[in-house]
Amino acid sequence: MFIIIKPQQPEAILWQSLSSVQNLSHLCDCDSKRRTQHLPNNSAMGEVDSAFIQAIEHRPKLTITEAEGIPVIDLSILNSPDISIEKDCKKLASLVAEVKDACKKWGFFQVINHGVSLECREKIDLASRKFFALSKEEKRKVKRDELNSMGYYDTELTKNVRDWKEVFDFTVENPTITPLSHEPDDKELKELHNQWPEYPPDLREVCEEYVQELQKLSYKLLELISLSLGLPAKRMNGFFKDQTSFVRLNHYPPCPVPHLALGVGRHKDAGGLTILAQDDIGGLEVKRKTDGEWIRVKPTPDAYIINVGDTIQVWSNDEYDSVEHRVVVNSERERFSIPFFFNPSHDTWIGPLEELVNEKNPAKYKAYNWGMLFTHRKNSNFKKRDDENLQIHHFKA
């Protein structure tokens, strides 16, 4: 469902604002007109659509390099009911310094004692598994499309290559307002509405409860990052009024060609922050800044993995980097993960924050509209593009 909204005056001020193998036939669309990757005769899936096959230079390595040094940051002090800026000044300053170091060196870090209850995480994990265990026909009753990008989807593209996954997306704010198209002269807006399946019957309630918890964590992290840049804690909060944030339930089925395909191809996240819950299987790989090596992030029980998105890279004027990452798959076990994409409102203009720009450190980017970039990136999930997907380097000053 979508509703077209007539254009309104923009804000004047910038800062105001997949279960078992037999259920995977949809991932093996063996169109005879396409090239296919032939598998051994004992393969359960026969042939794999060539749309999944990565170019040689982007295929995952068979050897695994596990991450050493990605920080694990303890947020327990933020959950204390009697926290005092005066009394806990040194502890808070130490925490901010940890966040700064992690953002500078990695662009990724993990958080523990984050305040999200284990029960809440377990409930959404179970509901996700129940949903993806449904038949293909049942899941496609809530299939998303280019006009409403919320719901179920199993043919997503990353850099024009199909991902080995199926997803279910839902917004934080329902409805969520975004531009109708990415064309600068098109001022029409649309509403994205969440689509909820009949089963599991508690999916909506569980997801909405989870969102409330992740919202609290998102603002804690945003304020820590703001402080780490030498800014007031709530400096960036206003950009997220009427936010375009969304949550994704991911299912990565067992893949018969894990050396040729990826669960998600290499990419950077366009928004502010991503907060990822992953199961104990693992599969997230980060491109290490020092040498460009792909490093596997080993799952830490009850932790969240945080990464800085392009938006914060621009706001920080390249003080922090949004780091490329991808997801590998395996041939034996399915994997589940739940990323929360913390994104600003559609009418926010993204540019280096004025406090971080001076004569010696001039603005490295021209301002761009978040909603237009968000819509452009969303559209590229559905069909191959002849031109390059919009990236922040297109807005370099």
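About the thresholds
- Residues numbered from 1 in each chain as written.
- Predicted model: local features only at pLDDT ≥ 70, side-chain atom pairs only at ≥ 80, totals over all residues.
- Heavy atoms only, no water.
- Helix = DSSP H or I, 4+ residues; strand = E, 2+ residues; numbered from the N terminus.
- Areas by Shrake-Rupley, 256 points an atom, 1.4 Å probe, with all protein chains shown as cover.
- Phe/Tyr/Trp six-rings, centres within 6.5 Å; stacked < 30°, edge-to-face > 60°.
- Buried < 20%, exposed > 50% of the residue type's maximum accessible area, 1.4 Å probe, protein only.
- Lys NZ or Arg CZ within 6 Å of the ring centre and 35° of its normal.
- Pairing = 2+ DSSP bridges.
- Axes fitted to C-alpha atoms, helices over the stretch in contact; angles between N-to-C directions.
- Contact = heavy atoms within 4.5 Å.
- Disulfide = S-S within 2.5 Å.

This brings us to the overall build of the protein. Scanning the protein from terminus to terminus reveals six helices and 21 strands. About 18300 Å² of surface is accessible on the protein, with carbon and sulfur atoms providing 51% of the total.

Here we come to the packing of aromatic side chains. Remark: the centre distance and the inter-plane angle together describe each pair of aromatic rings, the angle taken between the planes. Counted by the stated rule, this structure contains 17 aromatic pairs. Their ring planes at 55° and their centres at 5.0 Å tell us that Phe-131 and Phe-168 sit as a pair that is tilted. Here Phe-168 lies in strand β9 (residues 166-171) and Phe-131 lies in helix α2 (residues 118-132), a separation of 37 residues in the sequence. With relative accessibility at 0%, the residue Phe-168 sits in the buried group. Taken together, the ring pairs in this structure connect Phe-131, Phe-132, Tyr-152, Phe-168, Phe-170, Trp-196 and Phe-336 into an aromatic cluster. A cation over an aromatic ring shows up here: Arg-121 above the ring of Tyr-304, its NZ or CZ 4.3 Å from the ring centre.

This paragraph deals with the sheet that holds strand β12 (residues 246-252). Sheet architecture is open: eight strands sit in the order β4-β5-β17-β14-β19-β12-β9-β6, paired in mixed fashion. Two strands bound the open sheet, and with one partner strand each, they are β4 (72-74) and β6 (151-153). Recorded for the sheet is a direction-independent mean angle of 25° between the axes of neighbouring strands. Summarising the sheet, strand β14 (residues 273-278) and strand β17 (residues 304-308) pair through four bridges and their orientation is antiparallel. Bridge pairing links Leu-273 to Val-308 in β17. Of the strands in this sheet, β4, β5 (108-112) and β17 are in contact with helix α1 (residues 89-105), which crosses β4 at around 160°.

Turning to the sheet that holds strand β16 (residues 294-296), a few remarks are in order. Within a sheet, neighbouring strands are paired by backbone hydrogen bonds and run either parallel or antiparallel to one another. Pairing is antiparallel in the open sheet, where four strands are placed in the order β13-β18-β15-β16. Single-partner strands in this sheet number two, and they are β13 (264-267) and β16. In this sheet, neighbouring strand axes are inclined to one another by 20° on average, regardless of whether the strands run parallel or antiparallel. Pairing geometry for β13 and strand β18 (residues 325-327), over two bridges, is antiparallel. Following the sheet pairing, Val-264 is matched in β18 by Val-327.

So, on to the environment of Tyr-152. Along the chain, the position of Tyr-152 falls in strand β6. For Tyr-152, a relative accessible area of 0% translates into the label buried. Separated by 21 residues in the primary sequence, Tyr-152 and Phe-131 have C-alpha atoms spaced 10.0 Å apart.

Take the state of the cysteines next. According to the stated counting rule, one finds zero disulfides in the structure shown. No disulfide involves Cys-120; its nearest neighbouring cysteine sulfur is the one of Cys-207, lying 9.7 Å away.

To continue, consider unusual backbone geometry. With an omega dihedral of 5°, the bond running from Asn-174 to Pro-175 counts as a cis peptide bond. In this structure, Asn-113 is a non-glycine residue whose phi angle is positive, near 50°. Mapped onto the secondary structure, Asn-113 falls in the loop between β5 and α2. Asn-113 gets classed as partly exposed once you look at its relative accessible area, which sits at 41%. The phi dihedral of Asp-242 is positive, around 55°, even though this residue is not glycine. In this structure, Asp-242 sits in the loop between α4 (203-228) and β12.

That's the geometry; what it means functionally is another story.
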